[in-house]
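Read off the chains here:
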Amino acid sequence: MFLINCPFCGEREQSEFKAGGEAHIIRPKQPSELSDDQWAEYLFMRKNIKGVQFERWNHIHGCRKWFNIVRDTSNDEIKAVYKMGEKPPVG
Amino acid sequence: MTKNLRVKTSKFIDETYRISFKFNGKLYYGFKGDTLASALLANNVHLVGRSFKYHRPRGIMTAGSEEPNAIVQLHNNTSRTEPNVRATEIEIYEGLEASSQNCWPSVSFDIGGINNILSPLLPAGFYYKTFMWPASFWEKYEYFIRKSAGLGKSPTVPDPDIYEHRYIHCDVLVIGAGISGIMAAKTAAKNGLRTLLIEEKSYLGGSTIYQNSDHFKINNQTSGSWLEKEINEIKKIKNLEIKTRTSVAAYHGYNFLLARENLTDHLPIEKKENKTRHRLLKIRAKKVITATGSLERPLIFDNNDRPGILLSSAIKKYADLFGVSCGEKNIFFTNNDSAYETAISLIQKGINVKAIIDNREEIESKLIYEVEKNNVEVYKGYTVTNTFGYRRINKISIMQLSKDGQKVIGSKKELSCDCLGISGGWTPAVHLFTQSGGKLKFREEDQVFIPNTYSSDQLSVGACNGDFTIDLILSNVTKSLKHFFNLKHIEYENTEVLSSFNKSKRNIWLLPSDKILGKTKSFVDYQNDATAKDIKLALREGFKSIEHVKRYTTTGMGTDQGKLGNMHALGIISETAEAKMGELGTTTFRPPYTPLTFGTLVGRNVGEYFDIFRKTPIHEWHVENNAEFENVGQWKRAWYYPKNNEDMHQAVQRESKAARESVGILDASTLGKIDIQGTDASEFLNRVYTNAWSKLNIGKCRYGLMLNEDGMVYDDGVTTRLGENHYIMTTTTGGAANVLSKLEDYLQTEWPELDVYLTSVTDHFATVSVCGPNSKKIITNVIPDLDLSDKSFPHMSFKNAKIGNIHCRVMRISFTGEHSYEINVQANYGRSVWEKCMEAGKDFNITPYGTETMHLLRAEKGFIIVGQDTDATMTPIDLQMDWIVSKKKYDFIGKRSLYRSDTMREDRKQLVGLLTENPNEVLEEGAQIVADINKSPIEMLGHVTSSYFSPNLNKSIALGVVRGGKNMMGKKLIIPMEKKKINVIVTDPVFLDKENKRLNA
Amino acid sequence: MKNKYSFFSLVKNAFSYHENWEKAWKDPEPKKEYEVVIIGGGGHGLATAYYLAKKHKINNIAVVEKGWIGGGNTGRNTTIIRSNYLWDASAGLYDHALKIWEGLSQELNYNVMFSQRGVMNLAHNLQDVRDLKRRTHANRLNGIDAVYLNTEQVKKFCPIINTSPDIRYPVLGGTLQKRAGTARHDAVAWGYARGANEMGVDIIQNCEVKGIKRNGDCLEGIETTKGFIKTNKIGVVAAGHSSVIANMAGLKLPLESKPLQALVSEPVKPIIDTVVMSNAVHAYVSQSDKGELVIGAGTDDYVSYSQKGSHDIIEGTLNAILELYPIFSRMKMLRQWGGIVDICPDASPIISKTPIKGLYFNCGWGTGGFKATPGSGDLFAHTIANDEPHKLNAAFNLNRFVSGDLVDEHGAAAVAH
């Protein structure tokens, strides 16, 4: 089980958090103008990266805040944590 | 047979404290400090069990958790029975009863032993090649295979013991309290770090603590006495916690470890009662030091499995620690100096050592010299080729090894013995290290895998890091601790060490024999009876990878997880396939290190603590009034209230009638409630519900339907506008947490610009729902000041009110179609408000009703229950609720998905009403619906989602989903049950009061 | 079959100390070119190759496997086989597989130990009861054996379940499919490998795919750790790594790869003779022929390829086990492990063509792919050979995520997979 450094509460057990999948998939502002294919892309298609992935987590049993994590999905190493709306770290 | 082989008083054994125990029904005695294994050996009992496949007699082989053979059933046929307990680990206590497993009728005469004779027909994987004829017979073969497999017996009654969990956070965790672990723990603790030292045995000091030889000295004392002083010192350190009888089971990522602290297994039965048996420690350590030592390797030769064959280090431990001699005519077979250490210990105690067979040719070693001095014959460059004796070894044959070690040469010689100690050198215990994600490297010179790269902040020290002798331990452990803790100085820096151990070893994975391999039984995995020829067979058949060989031959799949034999399996593969050991890799060491009781892993979360038990503030009233309860999520909800021996049907019919004819009362407190505030609250609701919210006036309520982004109905409920920027949303009982979580998600991640705050207030309010034509009279009585006129307080509106001094929110909303009110009051006033309503309703036969009646009443009105009438495939259009989907709104969650080719199809499954031809016939919920019963394959159009006998309509009614159902009004369909077909007519889902007259009645 | 297995061949070989058994499969170096390359040497991939060779007479096939055959989810699952699915499309698919299972040992001349000991699914609340009844009725009409059991019948079929009404989530009933059961997972991979090998399929182990070479919309071949292999038909059956391979071809799939864990107890004498699954009290248990209790846990909620899951999942599963089987409290966990499962939004698989000609995907089996192995292989072979799906896998296309025509076993059936 990971230790996750919640940007609002500090380091906590993974069991306090809920994963929210790939980050930076922005909900289209004008869904009605998308084709079915484009909508399906938003709704279901995922990069599902093996390696460094940007993803969303929620401190659901803590401050209830959503934030982002950079994690290597091949070994579960967390590389960085940043708040919603902040620019993802580069590199 | 019975002899006393207790040879010399040991300071580790309390000979003043005699303990009686039973093994296979016979009474024996041992002393406090004994394990079952040491006590049996002291009584000259070697034969303890039978092997898995061939049922060969097996004895005690080791003195630790790596034991493959001596596994027993404790307390057979009692509630504290336990299968597969290692005799080498269990400490004896008064009243201990153990018995052999996997044998019938007895361990010394076992019918299953016939498998040993049939063994030529039972090579590795034989079952894949046979039992295929006749085709239908596998289950019959399987019956017998299953019966003969397995080891001990599962308990058959619940466990009387208690288990618990504890979280520990520390700076440094040291695993293993041998010499390296003691040095590590002392260094960490002395430097001010909060340190936890864990040891699986009942004592500290590992194998050094009973080392009492002049050949191994530290600062001019025997290494045992030097270590004893160190131990006495660390026991005084305040920031060092020591836990014995505690074994680390799993080492997960992020330095998260699980350990089992054994609290009562060594206590007499009567002292086990009402105490915690095991405690699971969940440890988060900033740093971890693994000092788990090493395991001695056996040697692989023909018939290397007989009772009386033990690891040389085990014989030493039994002698030095327990004061027990494993035999009276001892022979050792070794490829390194370890067996000589043991021999010297035995000689010191006056135990006979007959001979030592050493694979190695001439070598200079002080230990060998000392042994030879004591007139022990040493056969150098020899190997054991076979052993004899069925229930106990009585003889071995030996031959000389060829120069390359691949063949035997010369003539055969036989030596009699009653105990054979074997040593194939040492294997670092890297199991926990690799579990943590660490990577190993292979050290060619002595053919061992040692830690190479770490995956977290940790260090391996001592024998588990490949340093097997005290000279290397003192120098290397000191160096690495200094570096690990970044210290300028460390106390062990100038320690003087003397070790007479010659580190040479002649490693031959599979020792040659004068017989062809096919005729030998050289066991690699003792417990599973996997032999060297099995491994070669697997390779011959194309199973090349170590994982394939393991699975095909079952090597390493026993309860010892191959702690003894895995390296040899790898070695034999590498030699046979001419592959390099380092490149083959090892099999994965899977947690736990030693098997872990389910009860320990579960802790206190059993019985009533299995899951949270949520009850409403009015719960006790329901209990007192004889309610039956239904589980809804984690809630217990009153289901119905039987009176005078009514069954559920009768109670529900009575409750339903009462609610429609006079007044009913329901505890609706479990509904989810979310308080929504902020200047953008209306806009937020616009986006999350399918309908429009901007124009809802303050004080008004509105029903809303929430979709998933895929367009499917997710939740529903009534939301009330309490103020300009303030709403209270209700959700379904089961959906509350998920809805809140989903709303927070959108709010924080998609629409952070919205000024909205969400708070769960489900537990803060109790909700009493009063419904029926007389509901108004009840509310008037309970809240006399409230103007309940339709003009002032119409359907779908809300008012703040007071009952005495208690503030409450009253909503006039209805889930039954009746004129009804919901009173929301701070939770702890819930019961008193409920009772006030009951009191006020006395004259009106006010009837409490449960969820079943609620379901019936709403079905009469065709109101859906999300999750019952919908699954995750229903859109609002499918539910014939087009009216609630705003066409004007630009967007809401799930809107786009409603316009995909499949969601727009006209012939989707749609919600309809169903009436049976026979009005007394009640459909089964879940029953499938078809149009043409003769069509093949039969086409299922949908299913019955809700079905009741309506006492108010005096007929059976049902809701269902039917493909194209919207356009089937009046059509006849069929419900094909197992033994009959039921005809139904498709109708509108609203069965009662289509005009909604009752709402204002 | 030249190296036929039988009791007589065992006896015969015993005389030569089993020195004369032939390789179950060769270990060839890859050829320059194949007509079809299957990526992934698990049960599904090997079965696909087997049926391509056997039923579609394609004789130039390679199966390339990154590690060793059967080493992924084939060798890590809890071996439950059943076909009592709710929707017609799923029932058709899984029952097709179940029918092949029933004769598979004989077909392959390899004992896969398919044991029809029955699978029971338990209901713990009123909605479970409705859902299980709904599914039982659907199964019956689809010709799949399934019966609904009340609590007493559940107890009778599996006496060790705690059916007391006083437990936190009492057993209210259950369903039973008697034809369902378990099989020996490794044997399935090995049996198909041996069968495919016999028909000339090259099984190439330790051969990792590094890239997929395309020329416009046409496939040219794959780059591997053993060099370039030319082909213009590729079937991808790389459970756990489907997205990784898809990304090489420039495709995105509707998948998330998550950890799924399982565990076994120490072996004991027979104590449970069937398979019991529960969704609400989340655990599945059966007993292997060796005597180990085989227990399936749930998935974690995050993407991971580490083959490790969190301890909470194991603990939660054992909580559920002790709730239903308090007698197992003193049993011991021997091993736990994790696999990587590719999960589709509707918890149904994809056996489909893709927008790239000649590239086919068989993936998204989530936590329940083992049971489908023979059927999946058969239908995928059909799809590759004909460049058209079979009617039994037509619904499991990629386009359903665009149209919305999902096969939603996830949201609709209160059943663990």
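Below is a short write-up of the structure.

What counts, and where the lines are drawn
Residues numbered from 1 in each chain as written. Chains lettered and ligands numbered in written order. Predicted model: local features only at pLDDT ≥ 70, side-chain atom pairs only at ≥ 80, totals over all residues. Heavy atoms only, no water. Disulfide = S-S within 2.5 Å. 1 Å grid on protein atoms, 1.4 Å probe; cavity = no way out; pocket = protein on both sides within 12 Å on 5 of 7 lines; lining within 4 Å. Points joined across faces, edges and corners; volume = space filled by probe spheres on them. Helix = DSSP H or I, 4+ residues; strand = E, 2+ residues; numbered from the N terminus. Nonpolar A, V, L, I, M, F, W, Y, C, P; charged D, E, K, R; others polar. Pairing = 2+ DSSP bridges. Contact = heavy atoms within 4.5 Å. Buried area = accessible area lost by both parts, 1.4 Å probe. Salt bridge = Lys/Arg side-chain N within 4 Å of Asp/Glu carboxyl O. Polar contact = N/O pair within 3.5 Å; in protein donor to acceptor, adjacent residues only side chain to side chain. Core = buried A, V, L, I, M, F, W, Y, C linked by side-chain atoms within 4.5 Å. Buried < 20%, exposed > 50% of the residue type's maximum accessible area, 1.4 Å probe, protein only. Axes fitted to C-alpha atoms, helices over the stretch in contact; angles between N-to-C directions.

1. Overview of the state of the cysteines
1) Next: The final tally for this structure, using the stated rule, is 0 disulfides over all chains.
2) Next: With no disulfide of its own, Cys-417 of chain B lies closest to Cys-419 of chain B among cysteine sulfurs, the gap being 7.6 Å.

2. Examining empty space enclosed by the protein
Gaps between atoms show up when a probe of the same size as a water molecule is rolled over them.
All names here are of chain B.
1) Next: Using the criterion set out here, one finds 11 cavities of 30 Å³ or more in the structure.
2) Next: Looking at the second largest cavity, it is lined by 17 residues, and the ones nearest its centre are Thr-427, His-431, Asn-566, Met-567 and Phe-589.
3) Next: Considering every element that reaches the lining of the second largest cavity, the biggest residue donor is helix 15 (residues 566-577), with 3 residues.
4) Next: Counted by class, the lining of the second largest cavity contains 10 nonpolar, 6 polar and 1 charged residues.

3. Overview of the pairing of strand 23 (residues 408-416) of chain B
1) Next: In this structure, strand 22 (residues 395-401) of chain B lies alongside strand 23 of chain B, joined through 6 bridges in antiparallel fashion. In the sheet register, Ser-397 of chain B faces strand 23 of chain B, and the bridge partner there is Glu-414 of chain B.

4. Let's talk about the interface of chain B and chain C
1) Next: Contact residues are listed per partner, giving 119 residues for chain B and 100 residues for chain C.
2) Next: Between chain B and chain C the total buried area reaches about 9500 Å² when both faces are included, carbon and sulfur atoms providing 56% of it.
3) Next: Considering only the side of chain B, the residues that lose the most area to chain C are Tyr-128, Arg-146 and Phe-598 of chain B, jointly responsible for 10% of the buried surface there.
4) Next: At the junction of chain B with chain C, the criterion picks out 11 salt bridges.
5) Next: Between Lys-332 of chain C and Glu-82 of chain B there is a salt bridge whose closest N-O contact spans 3.4 Å.
6) Next: Summed over the shared surface of chain B and chain C, the result is 58 residue pairs in polar contact (both at pLDDT 80 or more).

5. A short note on the nonpolar core
1) Next: One finds Tyr-318 of chain B together with Trp-101 of chain C to be the most contacted residues of the largest nonpolar core, which totals 204 residues.
2) Next: Sequence-distant contacts of Tyr-318 of chain B, defined by excluding residues within four places in its chain, comprise Ala-37, Ser-38, Leu-41, Ile-60, Thr-62, Ala-63, Thr-88, Leu-310, Gly-323, Val-324 and Cys-326 of chain B.
3) Next: If you look at the next biggest cluster of nonpolar residues, it comprises 42 residues, including Leu-601 of chain B together with Leu-149, Ile-161 and Val-171 of chain C.

6. Structural notes on the sheet that holds strand 10 (residues 218-224) of chain C
Residues and elements named next belong to chain C.
1) Next: On the basis of which strands lie adjacent, the open sheet formed by 3 strands has the order 9-10-11 and antiparallel pairing. Looking along the sheet, the strands with just one partner apiece sit at the ends: strand 9 (209-215) and strand 11 (227-230). Direction aside, the axes of adjacent strands within the sheet are offset by 25° on average.
2) Next: Where strand 9 meets strand 10, 6 bridges bridge the pair, whose relative direction is antiparallel. In the sheet register, Lys-213 faces strand 10, and the bridge partner there is Gly-221.

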